[in-house]
Amino acid sequence: MKYIFLIVAVLLALGGYYFINRSSSSKNIQPTVEQKDSEKINITLTTSKGDIDLELYPSAAPKTVANFVKLAQDGFYNGTKFHRVISDFMIQGGDPLSKTDPLRQSSSEASDPRVGSGGPGYRFEDEINPKSIGVDDVTIAQLESVGYRYDYNLKSLPVDVGALAMANSGPNTNGSQFFIVTYSPQPHLNGKHTVFGKVADDASLAVVRKIQQGDVIQSVTTAQ
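Residues numbered from 1 in each chain as written. Predicted model: local features only at pLDDT ≥ 70, side-chain atom pairs only at ≥ 80, totals over all residues. Heavy atoms only, no water.

Visitor: Now, about the nonpolar core: what can you tell me, with residues and values included?
Guide: Core analysis: the biggest nonpolar cluster contains 30 residues, and L45, L54, L56, F68 and F178 have the highest contact counts within it. Mapped by element, the contributors of at least two residues to this core are strand 1 (41-47), strand 2 (50-56), helix 2 (62-73), strand 5 (163-166), strand 6 (178-181), strand 7 (195-199), helix 4 (202-210) and strand 8 (217-222). Ranked by the residues each element gives to this core, the list is headed by helix 2, at five residues. Apart from the residues lying within four places of it in its own chain, the contact partners of L45 are G50, D51, I52, L54, F68, F82, F178, S219 and V220. Listed in part, the 13 residues of the second largest apolar core include F89, M90, L157 and A163. (Core = buried A, V, L, I, M, F, W, Y, C linked by side-chain atoms within 4.5 Å. Buried < 20%, exposed > 50% of the residue type's maximum accessible area, 1.4 Å probe, protein only. Helix = DSSP H or I, 4+ residues; strand = E, 2+ residues; numbered from the N terminus. Contact = heavy atoms within 4.5 Å.)

This is how it looks when you write it as structure tokens:
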């Protein structure tokens, strides 16, 4: 049944823009995103700094996981760069426009101003249940007023250390770009970004923390 579940998750309907715009203080906290082993898909990002093993959770965000896996299997991410890195906060990648951009590592801005706006050519909806991650009713109402639409049947994951989440430019603008939280939980992002996985182990988190702007994602592979 485990393998049947994974196959169904990957084949679910697929549905990008992307900003994370706040940082936070440094704190050495290990990943806190939890999920049962029976509900995960293993993915490895091979980067210029080493391998990053990830666990994806179809039960938390089925369309998002299916989208990420499909793009990975199509080679979409191969050769893309981490085009946005904010110290003590997160690393962001997944923009196909970054493949040919020489990205200045001394700056938080790409040398090509288009980088950060690219995607797969489509957008798809968020998969978030804010109540399951402790977002209060007042904040939920505020977010719904600007266009967020929530699925209260899901059990979402918080934007904690090691979380793998979709980057966006607002409600329902997911595509290919993603970010990984490096040091501190980011509760102010709960309800705004779909979290669909986490860094699998301490060794991978150490690689995440070594990533600099311009580092390359050489390949993305799924476990066989």
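Visitor: So what about the sheet that holds strand 2? Which residues, and what values?
Guide: Taken together, the eight strands give an open sheet; going across it, the order is 3-4-6-5-7-2-1-8, and neighbouring strands pair in antiparallel fashion. The two strands at the open ends of the sheet, each matched to only one other strand, are strand 3 (84-86) and strand 8. Pairs of neighbouring strands in the sheet enclose a mean axial angle of 25 degrees, with direction left out of account. Docked against the sheet, helix 4 engages strand 1, strand 2, strand 4 (90-93), strand 6 and strand 7, running at close to 120 degrees with respect to strand 2. (Pairing = 2+ DSSP bridges. Axes fitted to C-alpha atoms, helices over the stretch in contact; angles between N-to-C directions.)

Visitor: Would you mind going over the pairing of strand 7 in detail, with residue names and values included?
Guide: For strand 7, the tally of buried residues reaches five of five residues, placing the bulk of the element in the interior. Sheet analysis places strand 2 next to strand 7, joined by three bridges and oriented antiparallel. Pairing of E55 across the sheet is with K198, part of strand 7. Both strand 5 and strand 7 contribute to a ladder of three bridges, which runs antiparallel. When the sheet's bridge partners are listed, A165 is paired in strand 7 with V195.

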